[in-house]
Structure formats: structure tokens, C-alpha cells
Amino acid sequence: MVGGRIKELRKKKGYSISELAKYAGVSKSYLSYIERNVQKNPSLQFLSKLAKTLGTTIEYLLGQDSEELDEEWIDLIKKAIDNGVDKAEFQKYLEFVKFKKWEEKQRNPLE
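A quick note: this is a predicted structure, and the numbers were derived from the prediction, not measured.

A few points about helix 2 (residues 17-24)
Consideration 1: Looking at helix 2, one finds that the buried residues are Leu20, Ala21 and Ala24. Each buried residue of helix 2 sits inside an arc of 100° when the element is viewed along its axis, so together they form one side.
Consideration 2: Those residues of helix 2 that are buried are in contact with helix 1 (2-13), helix 3 (28-35) and helix 4 (44-54).
Consideration 3: Where helix 2 ends, the next residue or the one after it, Gly25, has phi of about 75°, a positive value.

Examining the side chain of Thr53
Consideration 1: Looking at the secondary structure, you find Thr53 in helix 4.
Consideration 2: Engagement of the side chain of Thr53 in a polar contact is seen with the backbone oxygen of Lys49, the distance being 2.9 Å.
Consideration 3: Setting aside chain neighbours within four positions, we find Thr53 in contact with Lys13, Tyr15, Leu20, Tyr23 and Ala24.

Remarks on unusual backbone geometry
Note: most residues except glycine have negative phi, and most peptide bonds are trans.
Consideration 1: Of note in the backbone geometry, Asn37 takes a positive phi value of approximately 60° without being a glycine.
Consideration 2: Positionally, Asn37 belongs in the loop between helix 3 and helix 4.
Consideration 3: For Asn37, a relative accessible area of 32% translates into the label partly exposed.

Reading the values: the criteria
- Residues numbered from 1 in each chain as written.
- Predicted model: local features only at pLDDT ≥ 70, side-chain atom pairs only at ≥ 80, totals over all residues.
- Heavy atoms only, no water.
- Buried < 20%, exposed > 50% of the residue type's maximum accessible area, 1.4 Å probe, protein only.
- Helix = DSSP H or I, 4+ residues; strand = E, 2+ residues; numbered from the N terminus.
- Arc of directions from axis to C-beta.
- Contact = heavy atoms within 4.5 Å.
- Polar contact = N/O pair within 3.5 Å; in protein donor to acceptor, adjacent residues only side chain to side chain.

Spatial relationships are all this shows, so hold off on functional conclusions.
What follows is the structure, given as C-alpha cells:
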């Protein structure tokens with residue numbers, strides 16, 4: 001899914017994989033893995049570089065319409081990327097929050 005969107009935009013721009021990798025400052029081989037869905041979990045930093053070079057958003061590359069996210073969410077995602085948070089770390093955080101909510105519900109089942 002992500003790879004297909006990247007490939008589609010790359011071709012619309014008329015870039016080869018080598019050119020896109022060079023312009024975005026990413027590894028050509030890794031970009032190829034993403035496009036071929038060999039690697040399906042690129043980091044937010046990687047997606048940010050590609051989105052900027054391709055003139056799109058991370059949300060589009062991930063298959064989400066940017067209208068679904070308000071500006072505050074977009075700013076939070078950008079801050080996380082700027083601070084080096086990758087998708088695996090972000091997922092761990094989400095799981096932690098989910099666990100804490102579950103834990104709170106166990107302590108206060110009537111709320």
C-alpha cells in the first residue's frame with residue numbers, strides 16, 4: 001500500500017528510483033524494498049523525506065486523507081518525526097496508552 005503510493009507518485013514526477021532516492025536523501029535499495037513491499041514498515045523519518053520530495057503528505061503515503069486529521073494531530077506527528085520517533089516506538093506508545101486505559105477501567109469498572 002505505502003510502496004504502491006510512493007511508486008505511483010515517483011512515476012508521475014518522472015523520477016527513477018535512483019533519482020528519488022538521491023533527491024530525498026534515502027537509500028536506493030531501501031526505497032526499492034518499500035516499493036516492492038518487501039519492507040512494509042518504513043520509519044516516519046523516511047516517509048517524511050519522501051513526502052517532502054514528492055510534494056505530498058505522510059498521511060497520503062499511509063493511505064489516509066489529510067482531511068481526517070486536524071492540524072493539531074498533524075503537528076504532533078511532525079514533532080514526533082522531528083524528535084526521531086519511529087513507527088515501532090509510536091506503536092509501543094499507543095499500546096502503553098491502551099494498557100493504561102484498560103488498567104484504569106479495571107480499577108474503576110463503573111466509570
